[in-house]
Amino acid sequence: QVQLVESGGGLVQAGGSLRLSCAASRNPGAMGWYRQAPGKQRDWVAGITSNGRTNYADSVKGRFTISRDNAKNTVYLQMNSLKPEDTAVYYCAAARIGRSTISVVDYWGQGTQVAVSS
């Protein structure tokens, strides 16, 4: 079992930046971030493999950057040029060792709120 603990959410004005962090209790496989706005389904935002290959949803490409520090079992999401439509609860996600993508999520964090005001 892997526990994920997120931090870094908050309230920011449009155009601003936030950095989310997610610490895992031990090193998983692929990691990533999902988000869920009120009344909507949970959507994938970004993913990163164990060796650092990244991919992004079209809605955040060019504005968000995912990275990971395997020595610290931590994944980050740097969010720049934030828009009101980025407002959501952001969930850290991890896959078991051996899974190369975050399309199948084995572990979820508790979520952290991000609110972007216009």
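Whatever comes next refers back to the structure up there.
J.: Report on the layout of surface pockets, specifying residues and quantitative values.
T.: When its volume is computed, the largest pocket comes out at roughly 170 Å³. Lining the largest pocket are 15 residues, and of these Arg35, Ala37, Lys40, Asp43 and Glu85 lie nearest its centre. Looking at the lining of the largest pocket, the elements with two or more residues in it are strand S4 (31-36) and strand S5 (42-48). Counting residues per element, the lining of the largest pocket draws most heavily on S5, at three residues. Residues that form the lining of the largest pocket fall into these classes: six nonpolar, four polar and five charged.

J.: Run through the environment of Ser118, naming residues and quoting values.
T.: Mapped onto the elements, Ser118 comes out in the segment after strand S11 (112-117). Separated by 92 residues in sequence, Ser118 and Arg26 place their C-alpha atoms 38 Å apart. Apart from the residues within four sequence positions on either side, Ser118 is in contact with Ala14 and Pro84.

J.: Help me get a handle on the sheet that holds strand S1 (residues 4-7), residues and values and all.
T.: Sheets are built from strands that pair by backbone hydrogen bonding, the pairs being arranged parallel or antiparallel. If you trace the four strands from one edge of the open sheet to the other, you get S1-S3-S8-S7, paired in antiparallel fashion. Bordering the open sheet on either side are S1 and strand S7 (64-69), each of which pairs with just one other strand. Averaged over all pairs of adjacent strands, the angle between their axes in this sheet comes to 15°, without regard to strand direction. Taken together, the six bridges between strand S3 (residues 18-24) and strand S8 (residues 74-79) define a ladder with antiparallel strand orientation. Within S8, the position partnered with Cys22 by the bridge is Val75.

J.: How would you explain the environment of Gln13 if you had to name every residue and give the values?
T.: Mapped onto the elements, Gln13 comes out in strand S2 (residues 10-13). Sequence-wise, Gln13 and Ser118 are 105 residues apart; in three dimensions their C-alpha atoms are separated by 6.2 Å. Apart from residues no more than four positions distant in its own chain, Gln13 is found in contact with Val116 and Ser117.

J.: Could you give an account of the state of the cysteines, with specific residues and numbers?
T.: Applying the stated criterion to the full structure yields one disulfide. Sulfur-sulfur distance for the disulfide between Cys22 and Cys92 comes to 2.1 Å. Handedness of the Cys22-Cys92 disulfide follows from its S-S torsion of about -80°: it is left-handed. Within this pair, whereas Cys22 is found in strand S3, its partner Cys92 is found in strand S9 (residues 88-94), the two being separated by 70 residues in sequence. Accessibility assignment for this pair places Cys22 and Cys92 in one class, buried.

J.: Let's hear about unusual backbone geometry: which residues, and what values?
T.: Of note in the backbone geometry, Asn73 takes a positive phi value of approximately 50° without being a glycine. Among the structural elements, Asn73 can be located in the loop between S7 and S8. Positioned with a positive phi, Ser81 is a non-glycine residue whose angle comes to about 50°. Relative to the elements of secondary structure, Ser81 occurs in the loop between S8 and S9.

J.: Outline the packing of aromatic side chains, listing residues and values.
T.: By the definition in use, this model includes two aromatic pairs. Ring geometry for Tyr34 against Trp108: centres 5.1 Å apart, planes inclined by 70°, an arrangement best described as edge-to-face. Residue Tyr34 is found in strand S4, and its partner Trp108 is found in strand S10 (residues 107-108); the two are separated by 74 residues along the sequence. Note on Tyr34: relative accessible area 11%, which makes it buried. On the basis of relative accessible area, Trp108 is assigned to the partly exposed category, the value being 37%.

Each value, and the rule that gives it
Residues numbered from 1 in each chain as written. Predicted model: local features only at pLDDT ≥ 70, side-chain atom pairs only at ≥ 80, totals over all residues. Heavy atoms only, no water. 1 Å grid on protein atoms, 1.4 Å probe; cavity = no way out; pocket = protein on both sides within 12 Å on 5 of 7 lines; lining within 4 Å. Points joined across faces, edges and corners; volume = space filled by probe spheres on them. Helix = DSSP H or I, 4+ residues; strand = E, 2+ residues; numbered from the N terminus. Nonpolar A, V, L, I, M, F, W, Y, C, P; charged D, E, K, R; others polar. Contact = heavy atoms within 4.5 Å. Pairing = 2+ DSSP bridges. Axes fitted to C-alpha atoms, helices over the stretch in contact; angles between N-to-C directions. Disulfide = S-S within 2.5 Å. Buried < 20%, exposed > 50% of the residue type's maximum accessible area, 1.4 Å probe, protein only. Phe/Tyr/Trp six-rings, centres within 6.5 Å; stacked < 30°, edge-to-face > 60°.

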